[in-house]
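Structural overview for review
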Amino acid sequence: MQDQVALILRTLVFIIIAILLCAVIFQIAGFSAPLMLQSVVDGAFLRQGALPQALRWGIPLFITAAGVALSFRVGFFNIGAQGQFYMGAIFAAVAAELMRGAPAPIVVPLCLLSGMLGGALWALWPGLLRVRSGTDEVITTMMGNFIAGLILVWITSGPLKDPSGSGQQASSRPLEAAYRLSTSTGISPIIIGIAVLVGVVMWLLVNRTAFGVLAGLSGRNGTMVAWQGARIDRLGLWSFAISGALAGLAGTIEFMGPNGRIASGFLPTHGFTAILIALVANLSVIGTAFVALFFGGLASAALYLPVMAGLPAAAIDIINAAIALFITAKSATLERLFKLRRAAR
Amino acid sequence: MIDLIISILRSGTPLVYVTLAGVIAQRAGVWNLGLEGLMIIGACATVLGIIVTGNFYVAMAIAMLLCMLASALLWFVIDRLKANPIIAGLGLTGLGIGGTALAVQAIYGSLSAVNAPIGVPRIGPLFGPFAPLSIFVLALPFVVFGMWVLLRRTRFGLRLAAAGEHPFAARSVGVNPSRMRLVALLAGGVLAAIGGAELAAGSLNLFAQNMTSGRGFMAFAAVIFGAGHPIGATLAAFFFSVVSALGIRAQLSFGDALPHDLLQALPYVATVFGVWLSGKLRGGLRAAGGGFGELRDN
């Protein structure tokens, strides 16, 4: 318990340091830092209807982050959530296109499954390269992000192109209303149900199964787990597949829920934010849910800032990046402070 | 043929400078994923600096200074606060991309591209058809060779490698590994600033939001592909730009018959192939997990 409290305190201290750094950057760039931070907090948490917005953005982030946390737990640095998210949305969109006109109870589950399959496949090739040839997964998953982004550009401006679309951003034809998981609000019983299901299944998987225990151990000491006779490569492949499938599921939800179509380059920072959420939550499933709500609020503030406060949305990217810079930090000084407090008790 | 070579030199040169920044960090034992962020800071600062001061050299100095400052921040977080270098590097990249977008919007009120009246000095008519290339292209062979000498043939280079490969041994002979990492990252900041300046002001003289579009990560991949050797990594970086130039060439000759968005993915596919190959040749990482156990410390 003591350790948990110390951990949360440490995380908070570094988030505050990160926000101070952002304040300095805002000020240097010529914005008023207090005004900027005030508007961010307003947009994220205080204004009317902030909570539904935080949920709308937080749910897909939570689903992706739960997968990222699993692969980090196993000790594989899958930073390809963005690409897996895109491939999920692409597979779901292609499936929906192929089944156009079929009854919704058949189409919807098949689209969800195909989205998860797309994400899982896009995670499996770096996973296979890693466990079979020792190819570094940081680079392969990152390149996978770029490649998936280009496949998305190609598919939205080619095979799935919406001929009536005119804007600068190519997008697919809109999904038929019958197949949508939600309206553009992004919240509906089915989406919340999926999120809860993902949370429960991932919590059970991590905390109540042999797989979860081995996953945690292999992340800390892979050699030992291998010597105990566990198949690390299989464990690794499963973790890649599950994290990819969840990112793909999040992409599918964005496509079938709030967006109703896929557009080239949509939500380009989803994967990075999900990685951040997993790390801020210290890879715990329950923590991920709460932290996702926080970052979901920030994501909704990115839409609020330019419209309501006339401030650039890049402010949110900067806050996220600064948190990333500091979130894995360990400070000896802080550590000593916590130890002193513990000794005083 | 000559314009193909010119286009390869143009796209390859920024990549090589940033790759060298990655090489020197790699020698000191730092996986620098902040290269993308440093490069875009260098690009933005050069263009804005030229607009404000009207002088390329002053702008270049400002860009180098800013990139060194960002590198020092990365060093502080990785070395002093023991943060995970990969996540911290990605954070620095995000700060660079977001910060430059913010700066452009703060100054110009919009996110459109910013044009500079002048760019990097060009090498001039003495070189015939290569005249429009920038002086950084001309300097490249010397910089690469100098880097090779510095890293492989000097006392400093050996100490740097020792600090990177075996910090404990380095410490035992009086080398401070932490200071070596700082020096390597600061030098990398200068090189990445040149790479960014060359990208923004080497031919087009403009800065656009997110204009590095993954080149910093490609440079990082070139470092791995080239096994951290200055010449090997340079060749890897040029290999990537040859692939990308050929992709553009194919697009020009075949037009819409080929999906050009997918051709743009060629350098990324080549990177995956390169990293896979270099792993194959040198044994790769161990198959077991681990290595990132420090992410979970309770």
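From a predicted model like this one, the values you see are computed outputs, not experimental measurements.

Basis of the calculations
- Residues numbered from 1 in each chain as written.
- Chains lettered and ligands numbered in written order.
- Predicted model: local features only at pLDDT ≥ 70, side-chain atom pairs only at ≥ 80, totals over all residues.
- Helix = DSSP H or I, 4+ residues; strand = E, 2+ residues; numbered from the N terminus.
- Rg over C-alpha atoms; globule rule 2.2 N^0.38 Å.
- Buried ≥ 20, exposed ≤ 12 C-beta atoms within 10 Å, placed from the backbone.
- Contact = placed C-beta atoms within 7 Å.
- Core = buried A, V, L, I, M, F, W, Y, C linked by C-beta atoms within 7 Å.
- Nonpolar A, V, L, I, M, F, W, Y, C, P; charged D, E, K, R; others polar.
- Axes fitted to C-alpha atoms, helices over the stretch in contact; angles between N-to-C directions.
- Parallel < 35°, antiparallel > 145°, perpendicular 65-115°, else oblique.
- Left-handed = near helix turned anticlockwise from the far one by under 90°.
- Expected span 1.5 Å × (residues − 1).
- Bend = angle between axes of the 7 residues up to and from the residue.
- pLDDT = per-residue confidence, 0-100.

With that settled, consider the overall build of chain B. For chain B, the helix and strand inventory stands at 12 helices and 2 strands. Across chain B, helices and strands are ordered from the amino to the carboxyl terminus as α-α-α-α-β-α-α-α-α-β-α-α-α-α. In terms of C-alpha radius of gyration, chain B reaches 19 Å, essentially the compact-globule figure of 19 Å for 298 residues. For chain B, the C-alpha atoms occupy an extent of roughly 55 × 45 × 40 Å along the three principal directions.

A separate point is the overall build of chain A. Secondary structure summary: chain A contains 14 helices and 0 strands in total. Order of helices (α) and strands (β) in chain A, N terminus to C terminus: α-α-α-α-α-α-α-α-α-α-α-α-α-α. Whereas a compact globule of 345 residues would reach a radius of gyration of roughly 20 Å, chain A reaches 21 Å, a difference of no more than 12%. Along the three orthogonal principal directions, the C-alpha set of chain A runs to about 70 × 60 × 35 Å. Burial analysis of chain A (345 residues in total) assigns 55% to the buried set. Pairs at least 24 residues apart make up 79% of the contacts formed inside chain A by residues separated by at least 6 positions.

With a phi close to 65°, A:Leu283 is a non-glycine residue in the positive phi region. For A:Leu283, the location among the structural elements is in the loop between α11 (270-280) and α12 (285-309). One non-glycine residue with positive phi stands out, namely B:Ser213, at about 35°. Following the sequence through the fold, B:Ser213 ends up in the loop between β2 (206-207) and α9 (215-225).

Counting residues in each nonpolar core, the largest one holds 223 residues, and the members touching the most others are A:Ile277, A:Ala278, A:Ala315 and B:Ala222. Beyond its immediate stretch of four places on either side in the chain, B:Ala222 contacts B:Leu15, B:Thr19, B:Ala233, B:Ala236, B:Ala237 and B:Phe240.

At the interface, 51 residues of chain B touch 59 residues of chain A. Considering every element that reaches the side of chain B that touches chain A, the biggest residue donor is helix α4 (residues 85-108) of chain B, with 15 residues. Across the side of chain B that touches chain A, the residue classes tally to 29 nonpolar, 17 polar and 5 charged.

Turning to the packing of helix α1 (residues 2-27) of chain B against α9(B), a few remarks are in order. Residue and element names in this part refer to chain B. Interaxial distance between α1 and α9 falls to 8 Å at its minimum, and their mutual angle equals 55°. The angle between α1 and α9 places the two elements in the oblique class. As α1 packs across α9, the resulting crossing turns out to be right-handed. Between α1 and α9, the contacting residues are Pro14, Leu15, Val18, Thr19, Gly22, Val23 and Gln26 on the first element and Arg215, Gly216, Met218, Ala219, Phe220, Ala222 and Val223 on the second. Partitioned by chemical class, the residues of the contact of α1 with α9 number 9 nonpolar, 4 polar and 1 charged.

All names here are of chain A. In this model α12 runs 34 Å from its N-terminal to its C-terminal C-alpha over 25 residues, within 8% of the 36 Å that 1.5 Å per residue would give. For α12, the principal kink sits at leucine 303 and spans about 35°; a proline, proline 306, occurs within the next four residues. Phi turns positive, to about 65°, at glycine 310, one or two residues after α12.

A few words on the confidence of the model for chain A. Put simply, chain A has an average pLDDT of 90, and 94% of its residues get 70 or more. Model confidence for chain A, summarised as mean pLDDT per element, is weakest for helix α14 (residues 332-344) of chain A at 63 and strongest for helix α4 (residues 81-98) of chain A at 97.

Residue and element names in this part refer to chain B. The predicted model of chain B averages 87 in pLDDT, with 93% of residues at 70 or higher. Counting interchain partners and residues more than four positions distant, the pLDDT-below-50 stretch residues 286-298 has 44 contacts. Both scores are available for the predicted complex, with the pTM at 0.90 and the ipTM at 0.88.

Mapping B:Leu277 onto the fold places it in helix α12 (residues 266-281). Residues B:Leu277 and B:Gly232 lie 45 residues apart in sequence; the distance between their C-alpha atoms is 14 Å.

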